[in-house]
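Structural description and commentary
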Amino acid sequence: MKPDLVIIGGSAGSLQVVLEIISLLNTPVAFSIVCVFHRKYTPHDNTLITLLQSKSLIPVKEAEDKEMFKPGHIYVAPANYHLLLETDRSFSLDISEKINFSRPSIDVAFMTAADALGNKLMGILLSGANSDGVLGLKRIREKGGYCIAQDPATASVSYMPAQAVAQKVIHERCSPKEIAVRLNQYG
Amino acid sequence: MRGTPEVKEEELEILLTDLNERYGYDFTDYSRASLKRRVNRLMVTEKFPSFAEMRFRLIEDPFYLRRFIEEITVNVTEMFRDPEFFTYLRNQILPHLGTYPFIRIWIAGCASGEEAYSIAILMEELKLLNKTLIYATDINPRVLEGAQTGIFPIRSMQQYSENYRLSGGTEEFSKYYIAQYDKALFKESLRNKIVFSPHNLVSDRSFNSFQLILCRNVLIYFQLRLQNRVFKLFDASLDQLGYLALGAKETLRFSEIYNKYKQVDSREKIWRKNEA
């Protein structure tokens, strides 16, 4: 399985993990990376993008409405909007009700990504205190994609990845370093 | 949530064809992922056992149509949502409109009307409301009926009042409504200045000319082709030197009308039409 897109969802305690993973990736990467974080909305704030970019040579940008996603880029879901992936490989934004008290909701992004990419998708669920993302992983798996949860033992808040493990929706659990190794196998 | 019924791509297309052919609602250029998500959600909340049942209900029951349209479109909004945007409107845009003898503002895709009331409040505070008319339109007749009453849940007022204050409002927000039980009824002097009317951005034409058009967080639900159609509609409905305000994540940049406009601020999503 060689993914066209790797989608990563995280809540509390996940930023450090993503920073570690992307700093370990060989560049360039042959797939697109999409990050969906639960975070507080601050108008016109670019800190997160800048922070991620400081750890990687892979270009990092906020996902824009109707933008086509391309390999070799890291896209970050904007705060306060749901991020949806379309079958024509573009993003759409949506500002409807919060799901699991969250907008962006990891479930929404994962589920639409599963519909759009099928077995060309890898979903990774990281540290967090919420159960957002578990149903999304389930959908990714049903559609033939590959699912990883951060090993709860390595997560600063283990609830979210532990839910994914308990509900048996994942193929494997990995430490942050192992996730990077796995991704580097795909070039 | 387990075993969530899921509408297939082909089924969604069938539904869209039905809506268009039977009722003249054309959703074919809406963004698919969001539409599909909402149809799936409706399958669950309405407890339809299968797609066939949902389709049958929609075809056989024209009264159900209104509810269906309301449910598959997004109607979430707030008063003074994005306070920094309203601060900019209050200080930089609306005072310019004061030079016109009569001010027409169009809120396209107004949903339940919170933004229309927010604008009316700003115009009142700038002492411009008496010569202003706000046209607030939406595809959903049902939400417009609610908007027209000027009644909103009282539990939202704390948030709206906070948004109002953050956007530079200095009055007591509660002076704009009468609280009764769990409802807040907004003042008639505000309501009188807003005309709520159905208008479908997909199929309806320009109906007036405006100095300011607000269409925030509507275009994200449209595919690029439809976005472009709507931009042309706005262009045809906007006076020279008029303003077009979009949502925080929407842009005029890739549209065909882009070269006729200038963004007025590097951050706020507000464009001004050039002089011809």
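Residues numbered from 1 in each chain as written. Chains lettered and ligands numbered in written order. Predicted model: local features only at pLDDT ≥ 70, side-chain atom pairs only at ≥ 80, totals over all residues.

Remarks on the interface of chain A and chain B
In plain terms, the rule: Contacts here follow a simple rule: the backbone-placed C-beta atoms of the two residues must lie within 7 Å. Numbering of helices and strands runs from the N terminus, with a helix taken as a DSSP run of H or I at least four residues long and a strand as a DSSP run of E at least two residues long. Polar here means any residue outside two lists: the nonpolar Ala, Val, Leu, Ile, Met, Phe, Trp, Tyr, Cys and Pro, and the charged Asp, Glu, Lys and Arg; Gly therefore counts as polar.
The interface is formed by 20 residues belonging to chain A together with 16 residues belonging to chain B. Contributions of two or more residues to the side of chain A that touches chain B are made by β5 (82-85), β6 (91-94) and α3 (106-117) of chain A. Broken down by class, the residue content of the side of chain A that touches chain B amounts to nine nonpolar, five polar and six charged.

A look at the sheet that holds strand β3 (residues 151-153) of chain B
All names here are of chain B. Filter applied, for reference: Paired strands are those between which DSSP finds at least two bridges. Where helices are involved, their axes are fitted lines through C-alpha atoms of the stretch in contact, as for all axes, and angles between N-to-C directions lie from 0 to 180°.
The strand order across the open sheet built from three strands is β3-β5-β4, with neighbouring strands paired in antiparallel fashion. Edge positions in the open sheet fall to β3 and β4 (177-180), since each of these has one partner strand only. Averaged over neighbouring strand pairs, the angle between their axes works out to 30 degrees when direction is ignored. With three bridges connecting them, β3 and strand β5 (residues 183-186) associate as antiparallel partners.

Some words on the domain arrangement of chain B
Residues and elements named next belong to chain B. Worth spelling out the cut-off: Segmentation of the chain into domains, including their bounds, is taken from an automatic or database domain assignment.
Here the domain parsing of chain B yields domain 1 (9-72) and domain 2 (83-273). Of note, the centres of domain 1 and domain 2, computed from C-alpha atoms alone, are 28 Å apart. Between domain 1 and domain 2, the contact holds eight residues from the first and 12 residues from the second.

Notes on the packing of helix α1 (residues 9-23) of chain B against helix α3 (residues 51-60) of chain B
All names here are of chain B. What counts is decided by this rule: Just so you know how the angles are binned, under 35 degrees is roughly parallel, over 145 roughly antiparallel, 65 to 115 roughly perpendicular, and the rest oblique.
Where α1 meets α3, the axes come as close as 11 Å, and the angle between the chain directions of the two elements is 5 degrees. If you check the angle between α1 and α3, you find them roughly parallel. Here α1 contributes Glu-11, Ile-14, Leu-15, Asp-18 and Arg-22 to the contact with α3, which in turn contributes Phe-51, Arg-55, Leu-58 and Ile-59. Here the contact of α1 with α3 is composed, by residue class, of five nonpolar, no polar and four charged.

Some points on the pairing of β6(A)
All names here are of chain A. The condition that has to hold: Counts of 20 or more other C-beta atoms within 10 Å of a residue's own C-beta define buried residues, counts of 12 or fewer define exposed ones, and intermediate counts define partly exposed ones; C-beta atoms are placed from the backbone.
Going residue by residue along β6, you find Phe-91 and Leu-93 tucked away on one face and Ser-92 and Asp-94 tucked away on the opposite face as well. Here β5 pairs with β6 via four bridges, running antiparallel. Looking at the pairing, His-82 lines up with Asp-94 of β6. Between β5 and the antiparallel strand that follows it, β6, lie five residues; Arg-89 among them carries a positive phi value of about 65 degrees.

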